[in-house]
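Here is what each chain is made of, one letter per residue.
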Amino acid sequence: MRRESQSSAKPGVPADSARKPKVPKKKEAAYLSNPLYDRLLAPYAEDNRLLIERPDGSRLSYAETIGLSGRLANALAALGAAAGDRIAVQVEKSPEALAVYFAAVRLGAVFLPLNTAYTPAEVGYFVADAQPKVLLCDSAKAGDLRAIAAKVPAQLATMDRDGGGSLTAAAATAPTAFETMARRPDDLAAILYTSGTTGRSKGAMLTQENLLSNALTLTALWRFTAADVLLHVLPIFHTHGLFVATNVVLAAGGAMIFLPKFELEGVLAALPRATAMMGVPTFYTRLLASEAFTGETTARMRLFTSGSAPLPAETHVAFEARTGHRILERYGMTETNMSTSNPYCGARKAGTVGLPLPDVDLRIVDLASGASVAQGEVGVIEVKGPNVFKGYWRMPEKTREGFRPDGYFISGDLARRDEDGYVAIVGRARDLIISGGFNVYPKEVEEVLDALPGVLESAVVGIPHPDFGEGVVAFVVPEKGAAPAEEALIAALAQKLARFKQPKRIFFLEALPRNAMGKVQKNQLRKAKADLFRSQL
Ligand code: AMP
């Protein structure tokens, strides 16, 4: 149910008792009627300060953006979307696309963003799995997605970055007022599909509390205030750009310079006006590759954060040498939101992802036995706290497998803790190579390789091998103008690594295959050389 006007109703206050959530008495005091809306949006409903600046310099205030979210919520409701329904969205990044997330929150619906790179066949899988009420896409994709939507059936609607699209048009004539639906803290706010490099992609169910608790924790930890201007360059179909970046800015009452994607010139032009940037490691390596990126460019900045993929320690060091800023690296995943962070004040240690967040319980355990490992030993990270998701959408078996009986989520990331408790990630458990019965952590081999002359970066994987189970194989991207030879690199590694860790073969690539978040797609590398040792099998 929705109302056309909220003139007499306070936002977030349910208008009838049927919609009143049933919350346990003791929680009532802390309970908000739609926690995300009430904390992140409602306080600014009449606030004319800047929220989003577009690349062309045009600006949207908080009040305008919230008004737009009301229009969109009305337009989505007119398509039949209601509380609990999934709204699948595959559109280019824009402030309007972000306002669809806010509209979904206000509807009490479940926001389901999809990577813009997904093909119609891939979208078909997500749509069939999630059964959304609405599938929103760019007009250019509507032809391909119409049949997919019809199968559910879902309403197909469009939104284009240039202002076109059926939902955009419907929103333009819809009222800004929308009575936000009541939600409980453990109601779903979003489903984000994991990138799923092996097997089927799983829908991580994220609750209102998951998102809000993490946003508030990070806002405090990273000292975000209303004076902050975040340079927002990340995609908004992924937890990093959608939740970490956006929710933190909203919680603080700050502003965003909203760029559609990382383009060096645009980033360099915007940086002098920003106070903070959240990035993936490739942003930082690309900035460092430009001579135009100097300490002057970052004079107003107070914080650079990095995550979603490992930040090479040498990038951390080179960045500080160039700008005087120590990048603050943090760690998280779709299922858990953020779990650790280097401190804002205090040592930001290169090559580590810092300490567990204040409200997050993190332990490192032996994957097989579940027993905690000693400090310095490698084990798998397990996490418990308000940040941890509710489970995988319609996959109870996978959900059960993902959690320990005492409620800890098994992240699948291997890590060790140093003497100060800082966590250093050594890689995904599934990327661990077992060669001749010995564990080989790819990161260790990659670090040694990367330090060799002529090597820009590398990726190390295990390939099935008749004698060893898996054979270590490396892929190397040479530095510009360099042409390192395979035998010479193998010989150099022999000086530094135990024999079982040494790659049996090294292949050269122009670039490593990476996804939109800068993560190296090791499954592609493994696939490309799956038969390498086959003749010996
Ligand atoms: P996603 O669910 O796409 O956010 O991917 C989460 C995964 O990215 C984690 O499980 C880690 O393997 C990896 N990851 C995230 N942050 C970091 C980091 N700072 N260092 C190393 N790996 C990271």
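Residues numbered from 1 in each chain as written. Predicted model: local features only at pLDDT ≥ 70, side-chain atom pairs only at ≥ 80, totals over all residues. Heavy atoms only, no water.

Caption draft 1: Up close: the sheet that holds strand 20 (residues 423–428). Spatially, 4 strands are ordered 16-17-19-20 in an open sheet, and the strand pairing comes out antiparallel. The open sheet has two edge strands, strand 16 (361–365) and strand 20, and neither has a second partner. Averaged over all adjacent pairs, the angle separating strand axes in this sheet is 45 degrees, with direction ignored. Of the pairings in the sheet, the one linking strand 19 (residues 409–417) to strand 20 comprises 5 bridges and is antiparallel in character. Following the sheet pairing, Arg-417 is matched in strand 20 by Val-423. (Pairing = 2+ DSSP bridges. Helix = DSSP H or I, 4+ residues; strand = E, 2+ residues; numbered from the N terminus. Axes fitted to C-alpha atoms, helices over the stretch in contact; angles between N-to-C directions.)

Caption draft 2: View of empty space enclosed by the protein. Counted under the stated rule, the structure contains 2 cavities of 30 Å³ or more. Counted as a void, the largest cavity has a volume near 50 Å³. Forming the boundary of the largest cavity are Leu-211, Asn-214, Ala-215, Leu-218, Thr-239, Phe-243, Val-244, Asn-247, Asn-337 and Met-338. Every element with two or more residues in the lining of the largest cavity is listed here: helix 7 (208–221), helix 8 (239–252) and strand 14 (337–341). In the lining of the largest cavity, the residues fall into 6 nonpolar, 4 polar and no charged. Approximately 40 Å³ is the volume found for the second largest cavity. Together, Leu-36, Leu-40, Leu-41, Tyr-101, Phe-102, Val-105, Asn-247 and Leu-250 line the second largest cavity. Those elements giving two or more residues to the lining of the second largest cavity turn out to be helix 1 (35–41), helix 3 (95–107) and helix 8. (1 Å grid on protein atoms, 1.4 Å probe; cavity = no way out; pocket = protein on both sides within 12 Å on 5 of 7 lines; lining within 4 Å. Points joined across faces, edges and corners; volume = space filled by probe spheres on them. Nonpolar A, V, L, I, M, F, W, Y, C, P; charged D, E, K, R; others polar.)

Caption draft 3: View of the sheet that holds strand 2 (residues 59–61). Strand order in the open sheet formed by 9 strands is 2-1-10-9-11-12-13-14-15, and the pairing between neighbours is mixed. Taken across any chain shown, the strands that pair with only one partner, and hence form the sheet edges, are strand 2 and strand 15 (355–356). Relative to strand 2, strand 1 (residues 50–53) runs antiparallel, the two sharing 3 bridges. Each bridged residue has a counterpart across the sheet, and for Leu-50 the counterpart in strand 2 is Ser-61.

Caption draft 4: Broad picture of the pairing of strand 4 (residues 110–113). Across the two faces of strand 4 the burial is the same, with Val-110 and Leu-112 and Phe-111 and Pro-113 all buried. As paired strands, strand 3 (residues 86–90) and strand 4 are joined by 4 bridges and run parallel to one another. Following the sheet pairing, Arg-86 is matched in strand 4 by Val-110. Each parallel crossover has a hand, and for strand 3 linked through helix 3 to strand 4 it is right-handed. (Buried < 20%, exposed > 50% of the residue type's maximum accessible area, 1.4 Å probe, protein only. Right-handed = clockwise from strand over helix to strand, strands pointing away.)

Caption draft 5: Examining the site of the ligand more closely. Residues in contact with the ligand amount to 17 residues; listed here are only the nearest, His-238, Arg-330, Thr-334, Asp-413 and Lys-519. In this structure, Ser-308 approaches the ligand through a main-chain N or O atom, which is 3.1 Å from a nitrogen atom. A distance of 2.9 Å separates a nitrogen atom of the ligand from a polar side-chain atom of Glu-329. Coverage of the ligand by the protein amounts to 93% of the 500 Å² it exposes when considered alone. The dominant element in the shell around the ligand, judged by the number of residues it contributes, is strand 13 (residues 328–333), at 5 residues. Tallied by class, residues from the shell around the ligand come to 5 nonpolar, 7 polar and 5 charged. (Near = heavy atom within 4 Å. Polar contact = N/O pair within 3.5 Å; in protein donor to acceptor, adjacent residues only side chain to side chain. Areas by Shrake-Rupley, 256 points an atom, 1.4 Å probe, with all protein chains shown as cover.)

Caption draft 6: Representation of the packing of helix 2 (residues 62–78) against helix 3 in the model. Running from amino to carboxyl end, helix 2 crosses helix 3 at an angle of 65 degrees, the nearest separation of the two axes being 8 Å. Of the possible angle classes, the one that applies to helix 2 and helix 3 is roughly perpendicular. Considering the relative orientation of helix 2 and helix 3, their crossing is right-handed. Contacts between helix 2 and helix 3 involve Thr-65, Ile-66, Leu-68, Ser-69, Gly-70, Leu-72, Ala-73, Leu-76 and Ala-77 from the former and Glu-96, Ala-99, Val-100, Phe-102, Ala-103, Arg-106 and Leu-107 from the latter. Each residue belonging to the contact of helix 2 with helix 3 can be placed in one class, and the counts come to 11 nonpolar, 3 polar and 2 charged. (Parallel < 35°, antiparallel > 145°, perpendicular 65-115°, else oblique. Left-handed = near helix turned anticlockwise from the far one by under 90°. Contact = heavy atoms within 4.5 Å.)

Caption draft 7: Spotlight on the packing of aromatic side chains. Within this structure, the stated rule accounts for 19 aromatic pairs. For the ring pair Tyr-101 and Phe-102, a centre distance of 5.3 Å and an interplane angle of 45 degrees mean the geometry is tilted. Residue class for Phe-102 comes out buried when judged on its relative accessible area of 2%. Ring centres of Phe-389 and Tyr-392 lie 4.9 Å apart, and the angle between their planes is 65 degrees; on these two criteria the pair is classed as edge-to-face. An aromatic cluster of three or more residues is present, and its members are Tyr-101, Phe-102, Phe-111 and Phe-243. Sitting above the plane of the Phe-258 ring, Lys-93 keeps its charged end 4.7 Å from the centroid. Positioned over the ring face of Tyr-392 is Lys-202, at 5.1 Å from the centre of the ring. (Phe/Tyr/Trp six-rings, centres within 6.5 Å; stacked < 30°, edge-to-face > 60°. Lys NZ or Arg CZ within 6 Å of the ring centre and 35° of its normal.)

Caption draft 8: Spatial organisation of helix 4 (residues 120–130). Along helix 4, the residues that are buried comprise Val-123, Gly-124, Phe-126, Val-127, Asp-129 and Ala-130. The elements touched by buried residues of helix 4 are strand 3, strand 4, strand 5 (134–137), helix 5 (139–151) and strand 7 (188–193). Note on helix 4: the residue one or two positions beyond its end, Gln-131, has a positive phi of about 50 degrees.

Caption draft 9: Up close: unusual backbone geometry. A cis amide bond, omega -5 degrees, links Val-152 with the succeeding residue Pro-153. By the secondary structure assignment, Pro-153 is in the loop between helix 5 and strand 6 (155–158). Of note, Arg-223 is a non-glycine position whose phi angle comes to about 60 degrees, a positive value. As for its placement among the helices and strands, Arg-223 is situated in the loop between helix 7 and strand 9 (229–232). Notably, Ser-308 is not glycine yet its phi reads approximately 80 degrees, a positive angle. Here Ser-308 lies in the loop between strand 12 (303–306) and helix 11 (313–323). Judged by relative accessible area, Ser-308 falls into the buried class, the value being 15%.

Caption draft 10: The pattern of salt bridges, seen in detail. For the coordinates displayed, the defined rule picks out 23 salt bridges. Residues Glu-92 and Arg-161 are paired through a salt bridge, measuring 3.7 Å at the closest nitrogen-oxygen approach. Of this pair, Glu-92 sits in the loop between strand 3 and helix 3 while Arg-161 is found in the loop between strand 6 and helix 6 (166–173), placing the two residues 69 residues apart along the sequence. Overall, the relative accessible area of 31% leaves Glu-92 in the partly exposed class. The exposure class of Arg-161 is partly exposed, given its relative accessible area of 45%. Across the pair Asp-187 and Arg-183 runs a salt bridge whose closest N-O atoms are separated by 3.8 Å. Here Asp-187 matches Arg-183 in class, with each residue buried. Each of the salt bridges in this network shares a partner with another, and the network as a whole consists of Arg-363, Glu-382, Arg-404 and Asp-406. (Salt bridge = Lys/Arg side-chain N within 4 Å of Asp/Glu carboxyl O.)

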